Amino acid sequence: MAKNVRIPTPLRKLTNNEEVVQIKAATIGEAIVELQSRYPGIKERLVDDNGEVRRFVNVYVNEEDIRFLKNQQTPLRDGDEISIIPAIAGG
Amino acid sequence: MNNEQGFMRALKCRECGREYPLMATHVCEFDFGPLEVVYDYDRIKRTLTVPAIQSRPNSMWRYRELLPVASDPTVGLQVGFTPLVKADRLAKRLGIRELWIKNDTVNYPSLSFKDRVVSVALSRAKELGFDTVACASTGNLANSVAANAASAGLKAYVFIPSDLEQGKILNSLIYGATVIGIKGHYDEVNRLCAEIAGKFGWAFVNVNMRPYYAEGSKSMGYEIMEQLRWRVPKHTVVCMASGSLLTKIQKSYQEFIKLGLVPETDYQIHGAQATGCSPISTAQKAGLDFFKPVKPNTIAKSLAIGTPADGFYALKAMKETGGSAEDITDDEIRQAIRLLAECEGIFAETAGGVTVGVAKKLIAAGKIPANASAVLCITGNGLKTMDAVNGHVGHPREIKPSLREFEALVASDERWAGRQD
C-alpha cells in the first residue's frame, strides 16, 4: 500500500489535474523529491531556495501540521494521507 | 475606465509580485503567497477628497474608491462609521494622557468589525455572479456572513469549531444559515474549508474572496483618522488572530498619507494576543520575523488561530512602525473586559479585553509613553461571549418586594463602607 497526496487546485496543472497521487516515499522530504521526479517543477512551488517549505505552504500528515511533527523528517507510513494547503485568512 | 474593475487594477502576490486578473482567487499559483488588490491611486486622488468624503453617508462606503468593488456596493450599505469614544476615565486607570476607543461593538448589523469585511466580500461576490457564500469562522465572521447573506438573499454555509460560545452559534443559526460545527479548533476548520473551497463553486469569503474581504478592514482605520479630524493616531493597539486587521490598519494609514488626506507623521501600531494563543506576540517579543504555530487554549476564542495566515505581515507592520506586541492571561482578559465596561460603559467581547489588557501592560512598561495619545480598536460585542465572564461578575442581590428589606440592605452597605474607611 502507498501513501496518498492530495494536490491543491493551484498545483493541479502540474499533475495533469490529478487530485490525489500515490507515492512511496518514507518521509515528507523524500515525498517532495519523488513528486518532483514525476511532476517536474512542483518542488520549487513547495520549497524555497534554501530547501525550506515555503512560508505560505502548509503540509499536513493525517490532518496534523508537519510543524507539530518533524517537519520534512516526518516519517510516512502506508495509508497516510498528505495534504498540501495554502495558509488562509482569519475569521 | 474599465467598468469591470472600478478603481482596482489587478490582484498581486505579496511574496513574488506576480499579477492576476480580478477573479475569485486568493493565492499565487507559484508560491502560494496571498494575493492583494492593487489600486489606481492616481484616479482615486481625483475623486477622493476631504469635502467629497464629508458629503457622503455615514458608513464605511464613504471611502468607496479604496474598497475593492467594481461598481456601487450592494451589500452592507449601513456598515461602519462606529463611534470613536474619548475614554477619559479609562485613560486615568491605564495611566495615559489621552485615550480613544474605536467602538466596533456596535457595528451594524452583527456587532463586530467583521461586518466591514463581509459587506465588501459579499458585494464583490455578487459582482462575480455567486449565489452561495461561505466562511470558516471563530464566530464573529460566521454571524456577519449569516446576517448579511440573509439580507442580500444569498445562500450561506458557515463552518465553525463546534465548541464555540452559545451566543456565537445562535447568532448564526437565527439568520437561517447552514451552520456546520467541526470537531476541532479553528486551524482545522480552516484546513477543511480550504479543501471544500477547492471543490465547491462558492464564494468563500476568507478563502477565494480573501483579497477583497481583507480590504474591508481598512475602513476601520479610515474612520479613526477622519474622526480624529484628519490625522493619524500616534499609537494604535489592535488585537491579532490571523494578524490581518493589524496589517490593514497600517495600510489605511499609508493610503491616506499617500493621498494627502492626512499629514505625514510617525505612528506606532501595537499587536495584542491572549497568552493561550500567542504565536505572533511571542515572535515579536523574541525579535523574530517568523512565528511558530501553536495549539490554542484561551477564552479569547475569536483570536484562537494557532497558524495565523498574516502573522508574517503583522510582524513586519509592527517592525516598520516601531510598534510592540504583548499578550495577557485569561484572568487578565476578564479583568480588562470589566475595566472597560466600568469605566466607559462599553461591553466588549474577549478580544476587546485582550486589547485593553495589553494596552495597560504596554503603558505600564513605557512602550506606549504615559504622555502619549492612543487608540484602542475594540472589535466585538460582549453580549456574544457571555460564557467567558459568567460567574466572574457577581450576582444580583435578591430581596422581597419590601421597602424595609431594601432599607436594611442599604444600611448594611453603609456600615460596610464605614468599616472600609
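Calculation rules
- Residues numbered from 1 in each chain as written.
- Chains lettered and ligands numbered in written order.
- Predicted model: local features only at pLDDT ≥ 70, side-chain atom pairs only at ≥ 80, totals over all residues.
- Helix = DSSP H or I, 4+ residues; strand = E, 2+ residues; numbered from the N terminus.
- Rg over C-alpha atoms; globule rule 2.2 N^0.38 Å.
- Buried ≥ 20, exposed ≤ 12 C-beta atoms within 10 Å, placed from the backbone.
- Contact = placed C-beta atoms within 7 Å.
- Nonpolar A, V, L, I, M, F, W, Y, C, P; charged D, E, K, R; others polar.
- Expected span 1.5 Å × (residues − 1).
- Arc of directions from axis to C-beta.
- Axes fitted to C-alpha atoms, helices over the stretch in contact; angles between N-to-C directions.
- Parallel < 35°, antiparallel > 145°, perpendicular 65-115°, else oblique.
- Left-handed = near helix turned anticlockwise from the far one by under 90°.
- Pairing = 2+ DSSP bridges.

1. Examining the overall build of chain A
Each helix and strand counted, chain A has 2 helices and 5 strands in total. Starting at the N terminus and walking to the C terminus, you meet the elements of chain A as β-β-α-α-β-β-β. Relative to the globule expectation of 12 Å for 91 residues, the C-alpha radius of gyration of chain A, 12 Å, shows essentially globular dimensions. Overall, chain A is about 35 × 30 × 30 Å in size when its C-alpha atoms are taken along their principal axes. By the burial criterion, 32% of the 91 residues in chain A qualify as buried. Sequence separation of at least 24 residues holds for 49% of the intrachain contacts in chain A that already meet a minimum separation of 6.

2. Some details on the interface of chain A and chain B
With 20 residues of chain A at the contact, the number on the chain B side is 33 residues. The dominant element in the side of chain A that touches chain B, judged by the number of residues it contributes, is strand β3 (residues 57-61) of chain A, at 3 residues. Grouping the amino acids of the side of chain A that touches chain B by side-chain chemistry returns 10 nonpolar, 4 polar and 6 charged.

3. Quick look at helix α13 (residues 330-344) of chain B
All names here are of chain B. Helix length check: α13, at 15 residues, gives a terminal C-alpha distance of 21 Å against a target of 21 Å (1.5 Å per residue), a fit within 8%. Inspection of α13 places I333, A336, I337, L340 and E344 among the buried residues, and these make up the whole buried set. Looking straight down α13, one finds that the buried residues subtend no more than 105° of arc, so they occupy a single side. In α13, the exposed residues that point more than 90 degrees away from the buried face are D331 and E342. Of the residues flanking the end of α13, it is G345, one or two places downstream, whose phi is positive at about 70°.

4. Focus on the environment of B:K126
All names here are of chain B. Here K126 is to be found in helix α4 (residues 114-127). Residue K126 is classed as partly exposed on the basis of its 19 C-beta neighbours within 10 Å. Spatially, the C-alpha atom of K126 lies 37 Å from that of Q268, the residues being 142 residues apart in sequence. Apart from residues no more than four positions distant in its own chain, K126 is found in contact with T74, V75 and A152.

5. Here's the deal with the packing of helix α9 (residues 218-227) of chain B against helix α10 (residues 244-258) of chain B
Residue and element names in this part refer to chain B. Packing of α9 against α10 leaves a shortest axis separation of 7 Å and a crossing angle of 50°. Classed by the angle they form, the pair α9 and α10 counts as oblique. The handedness of the crossing between α9 and α10 comes out as right-handed. Taking contact as the criterion, the partners of K218, M220, G221, Y222 and M225 in α9 are, on α10, K248, I249, K251, S252, Y253 and F256. Residue classes in the contact of α9 with α10 are distributed as 6 nonpolar, 2 polar and 3 charged.

6. Here's the deal with the environment of B:D104
All names here are of chain B. Inspection of the secondary structure assignment puts D104 in the loop between β5 (98-103) and α4. With 25 C-beta atoms packed within 10 Å, D104 lands in the buried category. For D104, the residues in contact, after removing those within four places along its chain, are T82, S112, F113, M220, I378, T379 and G380.

7. Topic: the sheet that holds strand β7 (residues 155-161) of chain B
Adjacent strands of a sheet pair through backbone hydrogen bonds, lying either parallel or antiparallel. Residues and elements named next belong to chain B. Pairing is parallel in the open sheet, where 4 strands are placed in the order β8-β7-β6-β9. The open sheet has two free edges, formed respectively by β8 (178-182) and β9 (203-204), since each of these has just one partner strand. Sheet topology places strand β6 (residues 132-136) next to β9; 2 bridges connect them, and they run parallel. Directly across from A134, in β9, lies its bridge partner F204.

8. Considering the pairing of strand β5 (residues 81-86) of chain A
Residues and elements named next belong to chain A. Of all 6 residues making up β5, 5 are buried, and the element is well covered by its neighbours. Where strand β1 (residues 3-6) lies against β5, 3 bridges are found, and the strand directions are parallel. Opposite V5, over in β5, you have I82 as the bridge partner. As paired elements, β3 and β5 share 5 bridges and run antiparallel to each other. Along β5, the bridge assignment pairs N58 with I85.

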